[in-house]
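Observations on the model geometry
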Amino acid sequence: MTRLIVRRLLLLPLVVAGASLIIFGLSQLMPPYQRVATFIRSPQELKSFSMDQLVKKYQLDAPLHVQYSNWMRELLSGHMGWSEVAKQPVWDAIMERFPATIELTLYAAVPMAVGGVWLGTQAAVHHNSWIDHLSRVFAIIGWSFPTFVFGLIFLMIFYGALGWFPPGRVSVWATQAMLSPEFKQVTRLVTIDALINGRFDIFLDTIRHMVGPVVTLSYLYWAQLQRITRSSMLETLRQDYVRTARAKGLDERTVIRKHARRNALIPVSTIIALMVLGLLGGVVITETIFSYPGIGKLLATAALQLDRTTVLGITIFYSVVLVVVILAMDISYALIDPRVRLD
C-alpha cells in the first residue's frame, strides 16, 4: 500500500504541470490587455499605470516560456490576480467560499453514497420484483428531472409554502452572531464552528439551510448511483465465487455484504469519487438556486459578468483538487480490491 501511495505521489507534480500547461495555453487565447488582470494585485494598479506599461511590467509580450515561468511563479506564491465580481484577490475569494463548498460536500456525499448504493443493492438482490421495478422508476425520474426544476419545486413547497428550509447558508441573526468577537471561527465550517463555540442554535439554523441543496443533490445522484450499483451487483451475483459462497451454506446477508457488494463497489467507487469531485468543484446550478455562497455560485457570477481572471483562477484551483481526488480514488481502489496493491 505504501509503495502504491508513493508511486502516485511521485506522479502528482507531472500531472499538475501538464494541467498548468493546458490552462496556460488556453489563457493565451486572450489578448495581453485582458491577461493583465491575472497579475495585478489591486484596482489601484490599473489607475497608476497605463495598460501598455502593465503589459511591459509583467512581460506579457515576452516569449511563451518567459510568460509561463512568470505565471507559475505568481501561482506558487498564491497570487491569481484581482476578482472584479468578488472585489478582492482571486485566491482570497476562493478561500472565503471554499469552506462553504466543503461543508456542502461533506453533508451531501454521505447520504448520496449510502442511499445510492443501498438502493442499487436492493434492486439487484430483489431482481425483477416490485422493489426492483420501483427503484428503476425512481432512477428514470431522477435521471430525467433537471436539477433546477427539482430545486425550484423544493423551494416552492418547503420554503415558499411551509417556510421550513430557507435558502442561503445561515440566517441574518446567525451571521451577526458569527461576526461578534465572542464567536471563534476555527475551521470556517459553520456547523463545526458552531459546535466548538457551543452555539447549537446556529448549528441547527445552518442544517435547516443545507437541507434544500443536500436533498436536491442526493436525489440527483441517487438515481445515477442506483443504476450503476444495480448493474454491477447483478454481474457480481452471477459470478462463480458467489455461487460457491452460497453452496458453502453461508447465509444470504453474509454473501451479499462480504462477497458480492464489496466486489461490486469497485466501479461504483469511481463514480462516487467523480461525484464528490463535482461537488468540490462547485455545483453551479444548485448553489445558484439556493443562493449558497460556494465556489459554484462564484464561478457562475464570474462567467456571467465575463470576469475571466476569476474563472481562470477557479479552473486552476479545481485542477489541483481534481489531482488530489484522483489520488484518493486510487488509494480507495487498493483498499477495496487487494489485487490493485499487487499490481
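Notes on the structure in this doc start here. (Residues numbered from 1 in each chain as written. Predicted model: local features only at pLDDT ≥ 70, side-chain atom pairs only at ≥ 80, totals over all residues. Heavy atoms only, no water.)

Remarks on the packing of helix α12 (residues 240-247) against helix α13 (residues 252-280)
Helix packing geometry: the angle between the two helix axes and the distance between the axes. As a reminder, the rule being used: In this description, a line fitted to the C-alpha atoms serves as the axis of each element, helices being fitted only across the stretch in contact, and the angle between N-to-C directions of two axes falls anywhere from 0 to 180 degrees. Helix and strand assignments come from DSSP, with helices taken as H or I runs of at least 4 residues and strands as E runs of at least 2, each series counted from the N terminus. Should an angle fall under 35 degrees it is taken as roughly parallel, and over 145 as roughly antiparallel, whereas 65 to 115 is taken as roughly perpendicular and any remaining angle as oblique. Each crossing gets its hand from how the near helix is turned against the far one by less than a right angle, where anticlockwise is left-handed and clockwise is right-handed. Any two residues whose heavy atoms approach within 4.5 Å are treated as being in contact. Residues are grouped as follows: Ala, Val, Leu, Ile, Met, Phe, Trp, Tyr, Cys and Pro are nonpolar; Asp, Glu, Lys and Arg are charged; all remaining types, including Gly, are polar.
At their nearest, the axes of α12 and α13 sit 10 Å apart, and the two run at 160 degrees to each other. Considered as vectors, α12 and α13 are oriented roughly antiparallel to each other. For the pair α12 and α13, the crossing hand works out as right-handed. Each of Tyr241, Val242, Ala245 and Arg246 in α12 lies in contact with α13, whose residues at this interface are Glu252, Val255, Ile256, His259, Ala260 and Asn263. Considering only residue class, the contact of α12 with α13 consists of six nonpolar, two polar and two charged.

Details of the layout of surface pockets
Under the convention used in this document: Grid spacing is 1 Å over the protein atoms alone, the probe is 1.4 Å, and a cavity is where that probe fits but cannot get out, while a pocket is an open set with protein on both sides within 12 Å along at least five of seven lines and lining residues have an atom within 4 Å of a point. Grid points are joined across faces, edges and corners, and a volume is the space filled by probe spheres set on the points.
In this structure, the largest pocket spans a volume of roughly 340 Å³. Surrounding the largest pocket, 14 residues form its lining, Glu96, Arg169, Met178, Val190 and Pro293 being those nearest its centre. Elements supplying a minimum of two residues to the lining of the largest pocket: α6 (90-125), α9 (172-179) and α10 (190-196). Taken together, the residues of the lining of the largest pocket sort by class into seven nonpolar, two polar and five charged.

What to know about the nonpolar core
Selection criterion: To define a nonpolar core, start from buried Ala, Val, Leu, Ile, Met, Phe, Trp, Tyr and Cys residues and group those joined through side-chain atoms within 4.5 Å. Residue exposure (1.4 Å probe, protein chains only): buried if accessible area is under 20% of the type maximum, exposed if over 50%, otherwise partly exposed.
Within the largest apolar cluster, 50 residues are counted, with the highest numbers of intra-cluster contacts made by Trp71, Met112 and Tyr221. Breaking this core down by element, the ones donating at least two residues are α1 (2-27), α4 (51-57), α5 (64-76), α6, α11 (200-237), α13, α15 (295-304) and α16 (308-336). Sorting elements by how many residues they give to this core places α6 first, with eleven residues. Those residues in contact with Trp71 that sit more than four places away from it in its chain are Ser20, Ile23, Phe24, Phe39 and Ile316.

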